[in-house]
Amino acid sequence: MNTGGQDELLRRAAEAIARRDPAGALHLLDQADALGGRTHNSILNRALALRLLGDFNGSLTVLDDALAIQPYDFVALLAKAAMLEKLSGERTAVDVYRNALKIAPPRAQCPPALAAQIDHADGVVKRQAEALRDHMRAAVSAMRGEVDAASLDRFDEGLEIYAGVKAPPKQEPILLNYPRLPAIPFYDRSLFPWLETLEAATPVIQKELADLLDGAFDDFAPYIAYPKGAPVNQWGELNHSRKWTSLWLWRDGVKQTSVTDRCPETAALLESLPMAHQDGFAPTAVFSALQPHTHIPAHTGSANTRLLCHLPLILPGPARFRVGNTTRQWEMGQAWVFDDTIEHEAWNDADQMRVILIFDVWNPWLSDGEKALITTMMKAQREFMEGR
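Parameters and conventions
- Residues numbered from 1 in each chain as written.
- Predicted model: local features only at pLDDT ≥ 70, side-chain atom pairs only at ≥ 80, totals over all residues.
- Heavy atoms only, no water.
- Helix = DSSP H or I, 4+ residues; strand = E, 2+ residues; numbered from the N terminus.
- Rg over C-alpha atoms; globule rule 2.2 N^0.38 Å.
- Buried < 20%, exposed > 50% of the residue type's maximum accessible area, 1.4 Å probe, protein only.
- Contact = heavy atoms within 4.5 Å.
- Lys, Arg positive; Asp, Glu negative; His and termini not counted.
- Charge placed at Lys NZ, Arg CZ, Asp CG, Glu CD.
- 1 Å grid on protein atoms, 1.4 Å probe; cavity = no way out; pocket = protein on both sides within 12 Å on 5 of 7 lines; lining within 4 Å.
- Points joined across faces, edges and corners; volume = space filled by probe spheres on them.
- Nonpolar A, V, L, I, M, F, W, Y, C, P; charged D, E, K, R; others polar.
- Pairing = 2+ DSSP bridges.
- Axes fitted to C-alpha atoms, helices over the stretch in contact; angles between N-to-C directions.
- Parallel < 35°, antiparallel > 145°, perpendicular 65-115°, else oblique.
- Left-handed = near helix turned anticlockwise from the far one by under 90°.
- Core = buried A, V, L, I, M, F, W, Y, C linked by side-chain atoms within 4.5 Å.
- Expected span 1.5 Å × (residues − 1).
- Arc of directions from axis to C-beta.
- Phe/Tyr/Trp six-rings, centres within 6.5 Å; stacked < 30°, edge-to-face > 60°.
- Disulfide = S-S within 2.5 Å.
- Polar contact = N/O pair within 3.5 Å; in protein donor to acceptor, adjacent residues only side chain to side chain.

> Explanation requested: the overall build of the protein chain in the structure shown.
Along the backbone of the protein chain there are 13 helices and 11 strands. Taking 2.2 N^0.38 as the reference for a compact globule, 388 residues should give roughly 21 Å; the C-alpha atoms of the protein chain span a radius of gyration of 29 Å, well beyond that estimate. Over its C-alpha atoms, taken along the principal directions, the protein chain stretches across nearly 90 × 60 × 45 Å. Split into buried and exposed, the 388 residues of the protein chain put 46% on the buried side. Across the protein chain, every contact between residues at least 6 apart in sequence was considered, and the portion connecting residues at least 24 apart equals 69%. Mean positive and mean negative side-chain charge positions of the protein chain (39 and 50 charges, respectively) differ by 4 Å.

So, in structure tokens, the structure goes:
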């Protein structure tokens, strides 16, 4: 086997393709294959030469040969999808484009021509997903009036996930991913009958908050405060910034009496509610202040064993909150409970500061016995990591 001669023929074939001489390239590839047998590289070049000649069926057949040798060859998959698209349109090619994108290298590392092909593939996948969504919506349009609003909202999200327009919400806890708990962005209010008591107390909490803001706003500290040298990732703009500040009433299970003594009715109300109690971990309760036109980037919380409750207190204008695929506007006097281990983000679109009360509660799907076990488990993990 004369591998040196074969390599030279393959080099010359690649040059012929580069100067748009597909017939010459095929002649050189035939010689290379006769000299040393077919290689993955020679097969890919043959597919490209056939494509330049307009022989899309032939190119597709050869690409299948290449993928039989290396099924996860990104370039071959992308080329196969392009041939399918030329032969039969986007819908025929979309699954192959989608599979190619799953194994695509980082776009920033790709040469411009390959990056353009990735962008095209992404566009095909998105267009076909939207077309499928619209087709399925039309199919169920006459049935929508028979379903209650909450079920319809869930169905609409499910349809978009099924079509591929949206990704399914998933829990991504930083600390504890406890099994068999549902991934629900916003929980049904009926699971938390105490929400009405909390909402009714909004004026009382607002009054005490106003006194704190008037006399001690400097005590509100940046919510994001990474030490020097730590990777800040998406938090660069907010790290040590007063654009997002907080005043803690409870922190890691410890009551902050220097604050709660100044808002006694708020503290008493919180103590009457079923906050998550875990020695050394929870509850957490905090006034969270977001300055005008500030965005809290997408992030996830620590453990899916507890949920967060939000109560808006100062809403000078529009303010949005997204959990998974669901985006809501805060409304005065209306609280919600959500799973913060699902990706979430917030925007204050108003011209003045927005403030909400945040505190954590146990996930309602846990038994009291599990809560005790989980707390002891987490304390044991911390002791182990501290070498105790």
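> Can you help me understand the layout of surface pockets in this one?
To find leftover empty space, one rolls a probe the size of a water molecule over the atoms. In this model, the largest pocket occupies a volume close to 1,400 Å³. Where the lining of the largest pocket is concerned, the elements lending two or more residues are β1 (221–222), β2 (244–251), β4 (285–290), β5 (294–299), β6 (306–314), β10 (344–348), β11 (354–362) and α13 (368–385). Across the lining of the largest pocket, the residue classes break down as 27 nonpolar, 14 polar and eight charged. Surrounding the second largest pocket, 18 residues form its lining, A150, D153, R154, I184 and F186 being those nearest its centre. Contributing elements (two or more residues each) for the lining of the second largest pocket: α8 (149–163) and β8 (326–329).

> What exactly am I supposed to notice about the pairing of β11 here?
On any regular strand, side chains alternate: one points to one face of the sheet, the next to the other face. Burial within β11 is extensive, with nine of its nine residues counted as buried. Pairing between β6 and β11: eight bridges, direction antiparallel. Opposite L307, over in β11, you have V361 as the bridge partner.

> What am I meant to see in the packing of helix α4 (residues 56–69) against helix α5 (residues 74–88) here?
For any two helices packed against each other, one specifies the inter-axial angle together with the distance between the axes. Interaxial distance between α4 and α5 falls to 9 Å at its minimum, and their mutual angle equals 155°. Overall, the two elements α4 and α5 adopt an arrangement that is roughly antiparallel. For the pair α4 and α5, the crossing hand works out as left-handed. Along its contact with α4, which presents F56, N57, S59, L60, L63, D64 and L67, the element α5 presents A76, L77, A79, K80, M83, L84, K86 and L87. Of the residues belonging to the contact of α4 with α5, the class tally is 10 nonpolar, two polar and three charged.

> What is the right way to read the nonpolar core from this model?
Across soluble globular proteins, you tend to see nonpolar side chains buried next to one another. One finds L63, F74, L78, Y97 and L114 to be the most contacted residues of the largest nonpolar core, which totals 41 residues. Listing elements by their share of this core, those giving two or more residues are α1 (3–18), α2 (22–36), α3 (40–52), α4, α5, α6 (90–102) and α7 (112–140). Here this core gets nine residues from one element, more than from any other, and that element is α5. Apart from residues lying up to four places away in sequence, F74 is in contact with A100, I103, A104, P105, L114 and I118. One finds F220, L249, L273 and L313 within the second-largest nonpolar core, a separate group that totals 35 residues.

> Where do I start with helix α10 (residues 202–216) in this structure?
Think of an α-helix as 3.6 residues a turn; residues three or four steps apart then line up on the same face. Taking 1.5 Å per residue as the helical rise, α10 with its 15 residues ought to reach 21 Å, and the 20 Å between its terminal C-alpha atoms agrees with that figure. Regarding α10, the residues found buried are T202, I205, E208, L209, L212, L213 and A216. Buried positions in α10, seen along its axis, are confined to an arc of 145° and lie on one side of it. More than 90 degrees from the buried face of α10, the exposed residues found are P203, K207, D214 and G215. Here the buried face of α10 lies against α9 (195–200), β2, α12 (264–272), β4, β6 and β11.

> Quick question: what am I supposed to make of the packing of aromatic side chains here?
The geometry of an aromatic ring pair is captured by the separation of the ring centres together with the interplanar angle, meaning the angle of the planes. Following the criterion strictly, the structure yields 14 aromatic pairs and no others. Between F186 and F321, the aromatic rings sit 6.3 Å apart at their centres with planes inclined by 75°, giving edge-to-face as the arrangement. Here F186 is found in the loop between α8 and α9, whereas its partner F321 is found in strand β7 (residues 319–323), with 135 residues between them in sequence. F321 gets classed as buried once you look at its relative accessible area, which sits at 3%. Measuring from ring centre to ring centre gives 6.0 Å for W194 and F359, while their planes differ by 45°; the resulting arrangement is tilted. One end of the pair, W194, is in the loop between α8 and α9; the other, F359, is in strand β11, with 165 residues separating them in the sequence. Given a relative accessible area of 13%, W194 falls into the buried group.

> So what exactly am I meant to see when it comes to the state of the cysteines here?
Counted by the stated rule, this structure contains zero disulfides. No disulfide involves C309; its nearest neighbouring cysteine sulfur is the one of C263, lying 16 Å away. A relative accessible area of 0% means that C309 is categorised as buried.

> Even after reading the chapter, I still don't get the environment of L308, so can you show me in this structure?
Tracing the backbone through its elements, the reader meets L308 in strand β6. Sequence separation between L308 and L9 is 299 residues, and the spatial gap between their C-alpha atoms is 66 Å. Ignoring anything within four residues of it in the chain, the contact list for L308 reads W336, V337, F338, D340, I358, F359 and D360.

> Can you walk me through α5 in this structure?
In this model, α5 (15 residues) spans 21 Å end to end at C-alpha, consistent with the 21 Å of a helix rising 1.5 Å per residue. Regarding α5, the residues found buried are F74, A76, L77, L78, A79, A81, A82, M83, L84 and E85. Here the buried face of α5 lies against α3, α4, α6 and α7. At the N-terminal boundary of α5, the capping side chain belongs to D73, with an oxygen 3.0 Å from the backbone nitrogen of V75. In the segment just after α5, G89 is the residue with positive phi, at about 100°.

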